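Residues per chain are reported as follows:
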2 protein chains.
Amino acid sequence: MDKYERVIEMAKRRGFLWQSFEIYGATAGFWDFGPLGAILKRRIENLWREFYVINEGFYEVDGPTIGIEDVFTASGHVRGFVDLVVECKKCGEMFRADHLTEKHNGGCPECGGVLGDPYAFNLMFKTAIGPDSKRIGYLRPETAQNIFTAFGRLVRFYRNKLPFGVAQIGKVYRNEISPRQGVIRLREFTQAEAEIFVHPWEKRHPRFGSVADTVVRLYPKEKQDGINITVGEAVEKGIIAHQFLGYHIALAQSFLTDVGIPLEKLRFRQHRVDERAHYAVDCWDAETLTDRFEWIELVGIADRTDYDLKSHSEHANADMRVFVSYDRPKTVEQLVIKPDMGVLGPKFKDMAAKVADALKALSIDQLRGEEIAVKIDGKIVRIDPKWIEYERVTEEVQGEYVVPHIIEPSYGIDRIVYALLEHSFEEECVEDDDARIVLRIPPNIAPIQVAVFPLLSKDGLVECAKRVESLLRQNKLLVDYDESGTIGRRYRRHDEIGTPLAVTIDHQTLDDDTVTIRDRDSMEQVRVRTDEVVEIVCGLLSGDVSFEGAGTRI
Amino acid sequence: MDKYERVIEMAKRRGFLWQSFEIYGATAGFWDFGPLGAILKRRIENLWREFYVINEGFYEVDGPTIGIEDVFTASGHVRGFVDLVVECKKCGEMFRADHLTEKHNGGCPECGGVLGDPYAFNLMFKTAIGPDSKRIGYLRPETAQNIFTAFGRLVRFYRNKLPFGVAQIGKVYRNEISPRQGVIRLREFTQAEAEIFVHPWEKRHPRFGSVADTVVRLYPKEKQDGINITVGEAVEKGIIAHQFLGYHIALAQSFLTDVGIPLEKLRFRQHRVDERAHYAVDCWDAETLTDRFEWIELVGIADRTDYDLKSHSEHANADMRVFVSYDRPKTVEQLVIKPDMGVLGPKFKDMAAKVADALKALSIDQLRGEEIAVKIDGKIVRIDPKWIEYERVTEEVQGEYVVPHIIEPSYGIDRIVYALLEHSFEEECVEDDDARIVLRIPPNIAPIQVAVFPLLSKDGLVECAKRVESLLRQNKLLVDYDESGTIGRRYRRHDEIGTPLAVTIDHQTLDDDTVTIRDRDSMEQVRVRTDEVVEIVCGLLSGDVSFEGAGTRI
């Protein structure tokens, strides 16, 4: 068994993850988070919220997973979100054309049969809205689009000031052709995305100073062999395009290491031009090194420019601009049109005023050429350029309308869960015992926060243990009470699922009202008073209290 | 404008809710939760988790929203999750047959045209998994099914002990024919469900005593005009079928009133036989009284019996039983078959042992009749009853296998959000000012927890206010800093979105390092020391500190 198999075996057996619909033979690309996996996932999402919603101040929104066709036509997904698929003419198996390698010599990897011609397959799940099947809906391939379509409401919420950020955590879908990588390649998964709307030519970040000295491992597109460099230097040298991208690369590294991804298994790789999404001008992936799949993407950090807002603006005929005031008003010289009413009046009579207004609305470019055409009440009216005069005026301009650019950090939560399980999974030999599996998940992320054991299920220890359990539960901690099997087996059981602390009630508890707290990683124990146990456990979980100073070492 | 319109106008304007894809004309049944709505929704979900995951101890799972066809064939949804649809032959508009009223005289409500014959329309959104379109997928109509299909894994997680509960919060889908009730009738919405697996003939609840005295307003199915009664008495009189349903009716009432649904606008109505879902033997809806839609369902509490597990067990040929030990072993007398090998041996030769085994596997009922047939290696073999002898033996039986019954409280989170907005929305006249809108949301649910205002944006008050903001934010509070407009307008702005507390930094702050805290509901203010502000704000939000005792009244 390789490490992937060992981790997945444990994950299935202990209730972290399993394939969905197993009793019906399962279907590739769909997995359930079981009782422990779902808590782990939720704790990671909540830590993400601390980073992006609380600290960065990006309000979260929550939109539908079904989108209407117009949205994905404008976004480019109807046209561009495709993979090439190849079908075996013999066995009917389907393959991604770009996954076929030379070793198959152009034949079917399953049966060796002749393969058909590749054709484009759209990776969005398609459905119909309502009973008449006329309205097409797609399951969203990214959470972002309903943030873009609601831009007008969001910019008003933020009182028309740039930059501002909007976050969203939710399910997204990708109808993979033939996913063969277990939990790494899902057809339905959870994304946590932030869409940050910035001024198009002001991509300095106000808090860049706080991350400039962070060292990151970069794999730039021309030179994919890695350099260690500070974010500040990388931006200065133009390796990272601007401060906003640099800030979010550093933030992603900070989040991932807090989750428990080891720094030495993390790198940032810039997309080559040929692998960039259709909307991105630059993109860096945070990747982690796994045992079976090598480097896999956990986060993508892209500069989407004004691609999406401009496209929705055109398709929906909606204003997606923000008025940006200059620091000080600018004095601008402009050519102003003066239609000659002495000519237009007699020629157009009642319509003359409308014609004059239409002319004033034209740009200088549109006024060039030998004849000028304007549309009045649906009718084309032709104007001789001679009927127009120009005047040069000086105006004071307070600011201008811009279509914001979008910086997007996009996290794949399911892969982060898997990567965390793999990186924190350890099999170790213990001195006076055989091997133990221990999941070294950071205490603030661990599914079960504290286990409570009576040493024996008699002598009044059970009642005492249940009181401690209840105290901890009242403080909103997720507690597991366990009285079955030897105390050693119970410790092992919780080591394997990453429970950082175990409180044991023994005979001494009945004498002096103290209990032991055992640390998962060091397996050391301290003895503390029962009335302090909640405070100490909370302190150990948050990192405010160190295990060494928590009580009497035993 | 009726109250629904007034609430929705505020909700759209302030960023709670809006229709999805507005720039493309929107599509009925899809709404976005905006920045304030998404937080409100999340806080309600987290309170639900406190009730069901932390306090009841039901572990949460998180499965895909797409399900495969087998699952929904077994669950009965492919066959039974339908509405009758009628199409107007003239204008093509579609209607739910059961929504057509007599006042339309059988004509189209829109154009008066002739209506076609009603036909069944399945309300599940349909899609195809993978490129060959052979595998049908449905968007789940309830979160429950992936809990049922994973029953084997879940019961092992709970170490084969009944009762146990599993919770899930997630999106569900209902392809409504023609939803016309705004945010009340969505095609995609969020459910919070608990599936509680109980012993089929032990539906007493271990903590029933804690709720027996809770008074609830019941509308039983035969007598839909309401009685106030304790849950204990209702179970005793058989109005509520058993303690498990009773316990969860009381728990739902406790949750809904904690969220902020007023008790006097809450009732529990039992489903009539003709409105029960195909899987339920009994169901009570928690309903709330709204201004426009009258009583609407917020929660359904159903006894699904063994319908789902039995059906999946048959369709998937999977074991969905739990071995339940008796309190003490039972002594049982049984008839045991003894095939006469002296006869079977010569007759069936090599097959004799297989025939004997097949006979032993038959029940007593199957052994009655003049001839007995068993299937050996696909062939029917006929046995004369005379070749069999019986023996009466006494056995000690430790327990038996049962298929658990399922009790299911199922919450519609989106409707709870709307109901809370409507019930907490108040327009009131204030003494020295014109009307104010105030959203009286409970402090622990309110989207923004505390606003911070410098009285003026000069004299160093801004810096001081930003320090207070930062202090509060470090304690994971959602803070809004606001310095624009008069202080009165800022208070009003936050009253309207339900912010329970506002901290104001004024000139006195510079003198004695105190700030004011203003209460949204009473509009009273207290003055407290800056270094106490975090503790007092947290105490006020959790209800541990009362406003009266929080500082010096001003």
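Everything that follows concerns the structure shown earlier in this document.
Everything quoted here is computed from the prediction, not taken from an experiment.

Colleague: Mind laying out the pattern of salt bridges, listing which residues take part and the relevant values?
Modeller: Residues and elements named next belong to chain A. In the structure shown here, the tally under the stated rule is 104 salt bridges over all chains. We note a salt bridge from D495 to R436, for which the minimum N-O separation is 2.8 Å. Placement of D495 in helix α14 (residues 487-496) and of R436 in strand β23 (residues 435-439) is noted, with a sequence separation of 59 residues between them. R436 carries the same exposure label as D495, and that label is buried.

Colleague: Outline the relation of the copies chain B and chain A, supporting the account with residue identities and numerical values.
Modeller: Superposing chain B onto chain A requires a rotation of 180° together with a translation of 0.1 Å along the rotation axis, leaving an RMSD of 0.4 Å. On this basis, the relationship between the two copies can be described by a two-fold rotation axis. Relative to the rotation axis, the closest C-alpha in chain B is found at T127 of chain B, a distance of 2.6 Å.

Colleague: So what's going on with the packing of aromatic side chains? Residues and values would help.
Modeller: Aromatic ring pairs are reported here in terms of the distance separating the ring centres and the angle at which the planes meet. On inspection of all chains with the given rule, the structure shows 44 aromatic pairs over all chains. Summarising the aromatic geometry, the rings of F51 of chain A and F255 of chain A are spaced 5.3 Å apart at their centres and angled 85° between planes, so their arrangement reads as edge-to-face. Of this pair, F51 of chain A sits in helix α2 (residues 35-55) while F255 of chain A sits in helix α8 (residues 243-259), and the two are 204 residues apart along the sequence. Each of the two residues, F51 of chain A as well as F255 of chain A, counts as buried. Summarising the aromatic geometry, the rings of F125 of chain B and Y173 of chain B are spaced 6.4 Å apart at their centres and angled 85° between planes, so their arrangement reads as edge-to-face. With F125 of chain B in the loop between β7 (119-122) and β8 (126-129) and Y173 of chain B in strand β10 (residues 164-173), this residue pair connects regions lying 48 residues apart in the sequence. Of the aromatic side chains, those joined through ring pairs into one cluster are Y59, F148, F151, F157, Y158, F164 and F197 of chain A. The ring centre of Y219 of chain A lies 4.4 Å from the NZ or CZ of R267 of chain A, which sits over that ring. Above the plane of the ring of Y491 of chain B lies R518 of chain B, whose end atom (NZ or CZ) is 4.3 Å from the centre.

Colleague: Hey, could you go over the sheet that holds β7 of chain B for me, with residue numbers and the actual values?
Modeller: Residues and elements named next belong to chain B. Pairing is antiparallel in the open sheet, where three strands are placed in the order β6-β5-β7. Among the strands making up the open sheet, the edge pair consists of β6 (94-96) and β7. With strand direction ignored, the average angle separating the axes of adjacent strands in the sheet is 50°. Here four bridges tie strand β5 (residues 82-87) to β7, and the two strands are oriented antiparallel to one another. In the sheet register, V82 faces β7, and the bridge partner there is N122.

Colleague: Would you mind going over the pairing of strand β27 (residues 514-519) of chain B in detail, with residue names and values included?
Modeller: All names here are of chain B. Counting buried positions along β27 yields six of six residues, so the element is predominantly enclosed. Residues T514, T516 and R518 line one face of β27 and the alternating positions V515, I517 and D519 line the opposite face, and both faces are buried. Here strand β26 (residues 501-505) pairs with β27 via four bridges, running antiparallel. Residue pairing for β27: V503 is matched across the bridge by I517. Here β27 pairs with strand β28 (residues 525-529) via five bridges, running antiparallel. Across the sheet, the residue bridging to T514 is R529, located in β28. In sequence, β27 turns back onto β28 through a hairpin of five residues, with M523 there showing a positive phi of about 60°.

Calculation rules
Residues numbered from 1 in each chain as written. Chains lettered and ligands numbered in written order. Predicted model: local features only at pLDDT ≥ 70, side-chain atom pairs only at ≥ 80, totals over all residues. Heavy atoms only, no water. Salt bridge = Lys/Arg side-chain N within 4 Å of Asp/Glu carboxyl O. Helix = DSSP H or I, 4+ residues; strand = E, 2+ residues; numbered from the N terminus. Buried < 20%, exposed > 50% of the residue type's maximum accessible area, 1.4 Å probe, protein only. Least-squares fit on C-alpha atoms with pLDDT ≥ 70 in both. Phe/Tyr/Trp six-rings, centres within 6.5 Å; stacked < 30°, edge-to-face > 60°. Lys NZ or Arg CZ within 6 Å of the ring centre and 35° of its normal. Pairing = 2+ DSSP bridges. Axes fitted to C-alpha atoms, helices over the stretch in contact; angles between N-to-C directions.

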